[in-house]
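# Secondary and tertiary structure notes
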Amino acid sequence: MAAGLTIKHLRTLHVGPVDLAISPGECVVLTGASGSGKTLLLRAIADLDCHEGEVLLDGVACHTMHAHDWRSGVGLLPAESQWWGESIGAHFQQPDEALLKQLGFGCEVMDWEVARCSTGERQRLALARLLQNRIKVLLLDEPTASLDAENVSRVEAVVKQLRQERAIAVLWVSHDPAQAERVATRRMRIESGRLQEVV
Amino acid sequence: MGVIALSPLDLALASTMVLLLAWISRRMQFGIERPLLISALRTTVQLTLIGFVLKVLFDNATLIWVAMLAMLMLLIAGREVMARQDRRFAGWWGYGVGTLSMFISSVAVTVLALNMLIQPQPWYLPQYAIPLLGMLLGNTMNGIALGLDRLTTSAWQQRQQIEARLMLGHSASRAIEDIRRDSMRVGLVPIVNAMAAAGVISLPGMMTGQILAGAPPMEAVKYQILIMFLIASGTGFGTLGAVWLGSRRLFDERERLRLDRLSRQNTKK
């Protein structure tokens, strides 16, 4: 039984076939031109789009568990965060103070109005929101695109800690070669829906 | 006391007021004259036809004929519900969701009311069955059309929020619960308002009709209260069913939001 995330012959209309294994604690950085299928690949892994092939988490196939249980374990952070409630607090059950502090927020952030937060603030808060789940795999879709340098390093530090302390497997879509250099244990490139290892 | 009969001349005089309205609309370029005249014409033709149909039906009051007319009314109402959706379900679902919900609620409530409450002899006596079903269908149709339209339109507009909730591991029914609640409420608002305004602001049509036909006001009132309760429950259960069925259809077995199951209607607007 393979621990971590295993992708076998994953194929959608525009992506694949993709074969990839990410072990616990590993961080695979995925690069590729716009429209090459990065986001679609992440969506297929989170089972948000129809796909062929199999994705397994710690050896258990996606289709054998409820879709919402799968997504509770395989967390996708989209490039643009979405909020349905008015206040930030409406989206949190038990806010993790330490984590919020690490991301540069105090506890009062729960009273903030979503509409008054900047894109960057929302993006960091969306990461904290996602991490309320006991995820084992983290799929990041350009999570730092709208952040300044200080906040980029905050997010990178949080993800690093997740990998080391909770052995979370990370698939990180990034446009920034310097960032890939900093966070990746392995680098892949996607071209017209197919993966290639970058050596 | 009988009804004062209307002559064709009376109707012709009444129609001149509609014509005047159409003329003003044309002069002032409101653009409503065409639909106004067409629907006035439709009213005349459709009501005349149903008049003939009812006359024949009353003379041949067998269950099979009553059931056939009821079925026809249901199918037309189903078409109307579908036509009022901006984004409707593709394929048979577009027709099926509304029609099935109306069938379950309106027909069930009508049959129940005829057998348990009003109890005409026989229970399907068309003088009771057809107007009752007509009133129920007309109102249920409104509620279901409003509820389904709100459901599909909101799901489309809030698709990113819904998917964000799915990504966070929410189940499909939790991800759509706010929209579902809102759609239910929207479907029920007209009948709630109608019940609140009944007798104070408006005299409901059926009661007015019975009074015009010479019924004692208290008898007419009792019938009207009964009808209001029937309509409220029919609309409520119908909207409940349609919105529930529709919200299930928006997701597949893997709890993915499937907006590809909706098709945009080419609206005339």
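Anything mentioned here points back to the structure above.
Quick caveat, the model's predicted, so the values are computed rather than measured. (Residues numbered from 1 in each chain as written. Chains lettered and ligands numbered in written order. Predicted model: local features only at pLDDT ≥ 70, side-chain atom pairs only at ≥ 80, totals over all residues.)

### A look at the environment of Gln164(A)
All names here are of chain A. In this structure, Gln-164 sits in helix α5 (residues 149-166). Looking at Gln-164, the number of C-beta atoms within 10 Å reads 10, which means it is exposed. Sequence separation between Gln-164 and His-68 is 96 residues, and the spatial gap between their C-alpha atoms is 26 Å. (Helix = DSSP H or I, 4+ residues; strand = E, 2+ residues; numbered from the N terminus. Buried ≥ 20, exposed ≤ 12 C-beta atoms within 10 Å, placed from the backbone.)

### A look at helix α3 (residues 63-83) of chain B
All names here are of chain B. With 21 residues, α3 should cover 30 Å at 1.5 Å per step; its first-to-last C-alpha distance of 30 Å lies within 8% of that length. Looking at α3, one finds that the buried residues are Val-66, Leu-69, Ala-70, Met-73, Ala-77, Gly-78, Val-81 and Met-82. In this structure, the buried side of α3 is in contact with α2 (33-59), β1 (87-89), α4 (92-118) and α5 (126-157). (Expected span 1.5 Å × (residues − 1). Contact = placed C-beta atoms within 7 Å.)

### Some details on the pairing of strand β9 (residues 186-191) of chain A
Residues and elements named next belong to chain A. Relative to β9, strand β3 (residues 27-31) runs parallel, the two sharing four bridges. Residue pairing across strands places Leu-30 opposite Met-188, the latter belonging to β9. Turn length for the β9-strand β10 (residues 194-198) hairpin, with the two strands adjacent in sequence and antiparallel, is two residues, and the turn residue Ser-192 shows positive phi of about 35 degrees. (Pairing = 2+ DSSP bridges.)

### With respect to the pairing of strand β4 (residues 52-57) of chain A
Residue and element names in this part refer to chain A. With five bridges joining them, strand β1 (residues 5-11) and β4 adopt antiparallel strand pairing. Note on β4: the bridge partner recorded for Lys-8 is Glu-54. In terms of strand pairing, β4 meets strand β5 (residues 60-61) through two bridges, oriented antiparallel. Its bridge partner being in β5, Leu-56 is matched across the sheet by Ala-61. Count of turn residues in the β4/β5 antiparallel hairpin: two residues, of which Asp-58 carries a positive phi of about 50 degrees.

### Structural notes on the interface of chain A and chain B
How big an interface is tends to be stated in terms of accessible area lost as the parts join. Contacts between the two partners involve 15 residues from chain A, matched on the other side by 15 residues from chain B. Taken together, the elements giving at least two residues each to the side of chain A that touches chain B come down to α2 (67-73) and α4 (119-130) of chain A. The element that contributes the greatest number of residues to the side of chain A that touches chain B is α2(A), accounting for four residues. Split into classes, the residues belonging to the side of chain A that touches chain B amount to seven nonpolar, four polar and four charged. (Nonpolar A, V, L, I, M, F, W, Y, C, P; charged D, E, K, R; others polar.)

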